[in-house]
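# Architecture at a glance
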Amino acid sequence: MPIDFDLTAEQRKTKDVAREFAREVLRPVADRADALPDPQDAFRAMRPVYEQAAALGFTSMFLPAEYGGGGASTVDFLVAIEELCAVDPGFPTVLLVNGLALMPLLRYGTDAQRERWIPRAATDVRGDFLAGWVVSERGGTANFDHPSPQAGIQLVADHDRARGEYVLHGEKHWPCNAGGWDLEGADVNLCVVRTDRRAGGKEALSAILVERGTPGVSYTVIDKMAHRTCQNVTMTFRGARVPEENLLAPGDGDLLVNRNFTWSAPIAAIAAVAVARAAYDFALKWARTYTGGGAGPIIQHQAVGHLLSEVAAKIEAGRYLCWKAAHHLDASGGEGHALGAMSKTFCGDLMQGVVFDCMRIVGVNALDRKFPMARYYRESMVFPLYDAGNLAMQRRRAWGVMADPAFSPDTFVDGDPMVFTKSMEGYGVISEIG
Ligand SMILES: Cc1cc2nc3c(=O)[nH]c(=O)nc-3n(C[C@H](O)[C@H](O)[C@H](O)COP(=O)(O)OP(=O)(O)OC[C@H]3O[C@@H](n4cnc5c(N)ncnc54)[C@H](O)[C@@H]3O)c2cc1C
């Protein structure tokens, strides 16, 4: 079998439909929403777009067909996400986070949890279902699996056995979608919690489903400089009581976090590629037509031509790494942790520089806000920082896999399965509490 980078007819159709939706439906609303001063207004303005995205199947395409979802592969999802993100990377983050909240149910959930939530998300005819993935904390998330009970995840869920409930105290900072369209909560929030106050991160963490309307939970919106079309909140828990049947992955919350950020990594990586692609598209057209006061278009200057060819090469290389990481994930039942992480760190870090190179090609006019370049630059800042920041959580995971004696430089070329284990966690954590 040859190595085949061609899109199938079905993937080409997905790409075309996503591109048309992005340009015709997403762009006008996202451009308006991005300029709104209030972040919750910006998010709410996206609701009609979300409804149309749901009607086209973009909000559920990654969910399994047996639960009513589209049954698309991760590679297929990447094809759609690239088109949406090339227009606005904030809105597709809403879809990505729905996935981050729901995908763990497939591996760690009970039958009842899966049957309750996945079909509801997959068959959301009103186009308003939201799920939140609630991990990050104000004190920091990079060391979420720290061996000390005093460090890492600090949202505590104490078991009240007599009442068959968990009682949640603490705060999360940055979760996307979690506040819902009306700041009364997403339909469901999958929260990573500490269920053991005395153990370290490899034993003490679990996840729990907190449903909309749970008393004792409140939300405040974060006003961020980019990705303004998705919502991020501070989520506060003051004695919130959650039925014990909503618990999943008891003692394995650390593995759940790592696996989840492996699934999202190539998706976040292709988002970075998409924004760079949009900047490249603008810069190429500009270079072919703008003269800079000279006799011909600036693309005739070697400096511009060379830089454009470097930009194009980085984008192509980034895209194929994302496809490879997603393909490996699909072929290995969600494993491929180092490759997923590497696609995110490589593309997230590199594409931010690619966008700036495109600005250098355009020249000073790149700073004029009537052109899209300034927005691309702003949006590109997010990619190294979000979805498990590149410097810490993503690289720590790749590092842990590579330190395992079973890993070899051929692992991904040969498509070998490499199961992620707790022994790969904890790399780069300074464990002594001063
Ligand atoms: C648009 C957007 C959407 C988001 N969506 C969600 C969401 O849905 N759910 C959610 O829970 N969060 C979400 N977040 C938050 C985000 O994904 C994480 O909190 C973030 O990636 C962690 O960032 P950090 O590494 O900077 O964390 P911090 O813990 O704040 O780290 C701060 C700095 O310290 C460094 N550092 C600390 N310890 C180490 C170490 N051991 N090794 C190396 N470096 C270290 C980090 O590299 C970083 O430079 C979102 C953020 C944004 C912007």
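What you see is a predicted model; the values in this text were computed from it and never measured. (Residues numbered from 1 in each chain as written. Predicted model: local features only at pLDDT ≥ 70, side-chain atom pairs only at ≥ 80, totals over all residues. Heavy atoms only, no water.)

Now for the pairing of strand β5 (residues 205-211). With six of seven residues buried, β5 lies mostly within the body of the structure. As judged from the seven bridges shared by strand β4 (residues 188-194) and β5, these two strands associate in the antiparallel manner. Pairing of Arg194 across the sheet is with Leu205, part of β5. Pairing of β5 with strand β8 (residues 247-248), which is carried by two bridges, proceeds in the antiparallel orientation. Within the sheet, the bridge partner assigned to Ile208 lies in β8 and is Leu247. (Buried < 20%, exposed > 50% of the residue type's maximum accessible area, 1.4 Å probe, protein only. Helix = DSSP H or I, 4+ residues; strand = E, 2+ residues; numbered from the N terminus. Pairing = 2+ DSSP bridges.)

If you trace the backbone, Ala80 turns up in helix α4 (residues 74-85). Counting along the chain gives 326 residues from Ala80 to Ala406, while the straight-line C-alpha distance between them is 34 Å. Setting aside residues up to four positions removed in sequence, Ala80 forms contacts with Thr14, Ala18, Phe58 and Met61. (Contact = heavy atoms within 4.5 Å.)

Right, let's talk about the state of the cysteines for a bit. Should the sulfur atoms of two cysteines be covalently bonded, the bond is a disulfide. Tallied over the entire structure, the rule returns zero disulfides. Free of any disulfide, Cys176 has its nearest neighbouring cysteine sulfur in Cys230, separated by 3.9 Å. The class of Cys230 is buried, set by a relative accessible area of 4%. (Disulfide = S-S within 2.5 Å.)

On to the packing of helix α8 (residues 302-331) against helix α9 (residues 337-362), then. As a packed pair, α8 and α9 sit with axes 9 Å apart at the nearest point and diverge in direction by 160 degrees. Relative to α9, the element α8 lies roughly antiparallel. Two packed elements cross with a definite hand, and for α8 against α9 that hand is left-handed. (Axes fitted to C-alpha atoms, helices over the stretch in contact; angles between N-to-C directions. Parallel < 35°, antiparallel > 145°, perpendicular 65-115°, else oblique. Left-handed = near helix turned anticlockwise from the far one by under 90°.)

A few words on the side chain of Glu82. Within the secondary structure layout, Glu82 lies in helix α4. Reaching out from Glu82, the side chain makes a polar contact with the side chain of Arg319 at a distance of 2.8 Å. (Polar contact = N/O pair within 3.5 Å; in protein donor to acceptor, adjacent residues only side chain to side chain.)

Glancing now at the packing of helix α7 (residues 253-289) against helix α10 (residues 373-380). In the contact formed by α7 and α10, the axes pass within 10 Å of each other and the chain directions differ by 160 degrees. What the angle tells us is that α7 and α10 run roughly antiparallel. For the pair α7 and α10, the sense of crossing is left-handed. Contacts between α7 and α10 pair Val275, Ala278, Ala279, Phe282 and Ala283 from the former with Met373, Tyr376 and Ser380 from the latter.

Right, let's talk about helix α6 (residues 111-122) for a bit. The end-to-end C-alpha separation of α6 is 16 Å, in line with the 16 Å expected for twelve residues at 1.5 Å each. Among all positions of α6, only Gln113, Arg114, Trp117, Ile118, Ala121 and Ala122 are buried. What you see down the axis of α6 is that its buried residues fit within an arc of 125 degrees, all on one side. Along α6, the residues that are exposed and aim more than 90 degrees away from the buried face are Ala112 and Glu115. Where α6 is buried, its residues touch α5 (90-108), β4, β5 and β8. (Expected span 1.5 Å × (residues − 1). Arc of directions from axis to C-beta.)

Often, the extent of an interface is quoted as the loss of accessible area on bringing the components together. What the domain assignment reports for the protein chain is domain 1 (9-129), domain 2 (132-251) and domain 3 (254-424). With 20 residues of domain 2 at the contact, the number on the domain 3 side is 16 residues. Between domain 2 and domain 3, roughly 1,500 Å² of surface is buried when both sides are summed, and carbon and sulfur atoms account for 64% of that area. Ranking the residues of domain 2 by area buried against domain 3 places Trp133, Phe144 and His227 at the top, with a combined share of 38%. Across the domain 2-domain 3 interface, the total number found is one salt bridge. Here Asp145 makes a salt bridge to Arg396, at a shortest N to O gap of 2.8 Å. Applying the counting criterion to the domain 2 and domain 3 interface returns six residue pairs in polar contact (both at pLDDT 80 or more). Those elements that place two or more of their residues in the side of domain 2 that touches domain 3 are β4 and β5. When the residues that make up the side of domain 2 that touches domain 3 are grouped by side-chain class, the tally is twelve nonpolar, five polar and three charged. (Domains from an automatic or database assignment. Buried area = accessible area lost by both parts, 1.4 Å probe. Salt bridge = Lys/Arg side-chain N within 4 Å of Asp/Glu carboxyl O. Nonpolar A, V, L, I, M, F, W, Y, C, P; charged D, E, K, R; others polar.)

Charged atoms that come close allow side chains of opposite charge to pair. This structure, assessed with the given rule, holds 34 salt bridges. For Asp182, the salt bridge is made with Arg212, and the minimal N-O distance between the two is 2.6 Å. A residue pair is termed long-range when its members are at least 10 positions apart, and Asp182 in the loop between β3 (165-176) and β4 and Arg212 in the loop between β5 and β6 (217-221) qualify at 30 residues. Across the pair Lys422 and Asp252 runs a salt bridge, and its minimum N-O distance is 2.9 Å. Taken together, the positions of Lys422 in the segment after α11 (390-403) and Asp252 in the loop between β8 and α7 put the pair 170 residues apart, joining distant regions of the chain. Bridged by salt links that share partners, the residues Arg19, Glu82, Glu83, Arg277, Glu316 and Arg319 form one connected network.

Turning our eyes to something else, we now look at unusual backbone geometry. Despite not being glycine, Asn177 shows a phi value in the positive range, around 70 degrees. When you line up the elements, Asn177 lands in the loop between β3 and β4. Residue classification places Asn177 among the buried residues on the basis of a relative accessible area of 0%. Unusually for a residue other than glycine, Ala388 sits at a positive phi of about 65 degrees. Relative to the assigned elements, Ala388 resides in the loop between α10 and α11.

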